[in-house]
Amino acid sequence: MTETLQEIEKKVLQGIRLSREDGIALYKCNDLAWLGYLADIVRKRISGDYVYYNVNRHVNLTNICAARCKFCAFGRDSDSSGAYALTKKEVLDMIEKSAKDPDLRNLHIVSGLHPDWPFEYYVDIIRSIKERFPKLHLKGFTGVEITHFAKISGKSIRQVLKELIDAGIEAMPGGGAEILSDRVRDALCPKKATAEEWMEVAQTAHELGIKTNASMLYGHIETIEERIDHLIRLRDLQDKTNGFQTFICFPFHPENTELESEISRTNVWDDLKTMAISRLMLDNFKNIKAYWVMLTLPIAQLALGFGANDIDGTIKEERIMHAAGAKSSKALTQEKLVETIKQSGRIAAECDCNFNIIRLL
Ligand code: V47
């Protein structure tokens, strides 16, 4: 092992924060077992032996999207085949069906940036869901959607967030962060929130008392340095606000995207390395998610040994990653999730969208 890596190991064992150079050195290291060993030490120290999961349903209100990011296979123009936009009745009926399952607790609401819907439509939908299903916890709208709502309504980000919180939003998902670099965003997703805007939404939400998630979409045109800078930017904001709940790595899935002919799916080595390095760099995040939808269940289970302590939820019907060729199933039973966690020797902790524990298994 090189001297640099030995120094990094010492720092980790002593609980000393890793630098940008350390992060880059970790990416250059191919001793995957060692990376997992270090990440697992930090995982145990920060979050113990619980692995969080939730019984949830994904709600994607529309796939019609004004941004049309190059990495996305879900978004459509309004006149393209497969485009859809749900009415309030359709949304409520869909949730009604899912809510027949008495264990359903959380809704995860992420959608395209519909070019014609007014902000009031979203507020009305959230208020109506909360009125009809008061026991469901609502995690909704990425920083990109919030920025879009501010633009179409002429309101400030703070005002948009206040209205959504007042309507029933209790936490926010981590999507839309992609890579927090203007170079990458200008090339892949120039029509949506800039890195600065995404960060402003997260900070404002935290100031208003709402917890949010954070993510990183990797394995496309970004450099290793940009991945590490992304993690450090999130870590810096977390130092200020402590408002991030969990961090999710999204390995880029190229199928049916504009990048399909140029870029292939990340390999499992990169996925596990990125999981471990995220755990090591984000020393002020309590939770790191192994999103089984993207990783597939066996690799998500393995990632529990590489720093992860959150495995997401039952989902019911996943659309965004499956549009891009995800090979996992579109839903899981609670039993399967619990079994997957327990096989790793850890304790399954069912939680709501704010990581409040509902029960331990
Ligand atoms: O912002 C889109 C990613 C995100 C692709 O907070 C892709 O717990 C890989 O926010 N390959 C939206 N990734 C989904 C999202 C989410 C999902 C699950 C859990 C949570 C959470 C949040 O999906 C987008 C983008 O980063 N994405 N297309 C793709 N082809």
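Keep in mind it's a predicted model, so treat the numbers as computed, not measured. (Residues numbered from 1 in each chain as written. Predicted model: local features only at pLDDT ≥ 70, side-chain atom pairs only at ≥ 80, totals over all residues.)

1. Digging into the UniProt feature "domain: Radical SAM core" (unreviewed entry) in the chain
Then comes step 1: Following the UniProt record, the feature "domain: Radical SAM core" (unreviewed entry) maps to residues 51-286 here.
Then comes step 2: A helix fraction of 42% and a strand fraction of 14% characterise residues 51-286, whose end C-alpha atoms lie 12 Å from each other. (UniProt positions renumbered as here; feature names shortened; annotations may be inferred. Helix = DSSP H or I, 4+ residues; strand = E, 2+ residues; numbered from the N terminus.)

2. Observations concerning the site of the ligand
Then comes step 1: Inspection of the region around the ligand gives 23 residues, with Pro 173, Gly 175, Asn 213, His 253 and Ala 324 positioned closest.
Then comes step 2: Broken down by secondary-structure element, the contributors of at least two residues to the shell around the ligand are β6 (211-218), β7 (244-251) and α14 (320-323).
Then comes step 3: When residues in the shell around the ligand are grouped by element, the largest group, three residues, is from β6.
Then comes step 4: Grouping the constituent residues of the shell around the ligand by class yields 13 nonpolar, eight polar and two charged. (Near = placed C-beta within 6 Å. Nonpolar A, V, L, I, M, F, W, Y, C, P; charged D, E, K, R; others polar.)

3. Section: the packing of helix α1 (residues 3-14) against helix α2 (residues 20-28)
Two numbers describe a pair of packed helices, the interaxial angle and the distance between the axes.
Then comes step 1: At a minimum axis separation of 10 Å, α1 and α2 run at an interaxial angle of 115°. Considering the relative orientation of α1 and α2, their crossing is left-handed. In contact with Thr 4, Leu 5 and Ile 8 of α1, α2 contributes Asp 22, Ala 25 and Leu 26.
Then comes step 2: Class assignment of the residues belonging to the contact of α1 with α2 gives a composition of four nonpolar, one polar and one charged. (Axes fitted to C-alpha atoms, helices over the stretch in contact; angles between N-to-C directions. Left-handed = near helix turned anticlockwise from the far one by under 90°. Contact = placed C-beta atoms within 7 Å.)

4. Side note on the pairing of strand β3 (residues 106-109)
Then comes step 1: Side-chain alternation along β3 places Asn 106 and His 108 on one buried face and Leu 107 and Ile 109 on a second face that is also buried.
Then comes step 2: Pairing analysis gives four bridges linking strand β2 (residues 56-59) to β3, with the strands arranged parallel. In the sheet register, Val 59 faces β3, and the bridge partner there is Ile 109.
Then comes step 3: Tracing the backbone out of β2, into helix α4 (residues 88-98) and back to the parallel element β3 gives a crossover that is right-handed.
Then comes step 4: Tracing the backbone out of β3, into helix α5 (residues 119-132) and back to the parallel element strand β4 (residues 137-140) gives a crossover that is right-handed. (Buried ≥ 20, exposed ≤ 12 C-beta atoms within 10 Å, placed from the backbone. Pairing = 2+ DSSP bridges. Right-handed = clockwise from strand over helix to strand, strands pointing away.)

5. Digging into the pairing of β4
Then comes step 1: Alternating residues of β4 divide into His 137 and Lys 139 and Leu 138 and Gly 140, and every residue in both groups is buried.
Then comes step 2: The pairing of β3 with β4 spans four bridges and is classified as parallel. Residue His 108 lies in a different strand from β4, and its bridge partner there is Lys 139.

6. Re the UniProt feature "binding site: [4Fe-4S] cluster" (unreviewed entry) in the chain
Then comes step 1: The feature "binding site: [4Fe-4S] cluster" (unreviewed entry), as annotated in UniProt, sits at Cys 65, Cys 69 and Cys 72 in this numbering.
Then comes step 2: What makes Cys 65 buried here is the crowd of 23 C-beta atoms within 10 Å.
Then comes step 3: Not counting residues within four places of it along the chain, the set of residues in contact with Cys 65 comprises Gly 75, Arg 76, Gly 112 and Leu 113.
Then comes step 4: Its location among the elements puts Cys 69 in the loop between β2 and α4.
Then comes step 5: For Cys 69, a count of 22 C-beta atoms within 10 Å corresponds to the buried category.
Then comes step 6: In this view, Cys 69 contacts Gly 75, Leu 188, Cys 189 and Lys 192; residues no more than four positions away in its chain are not counted.

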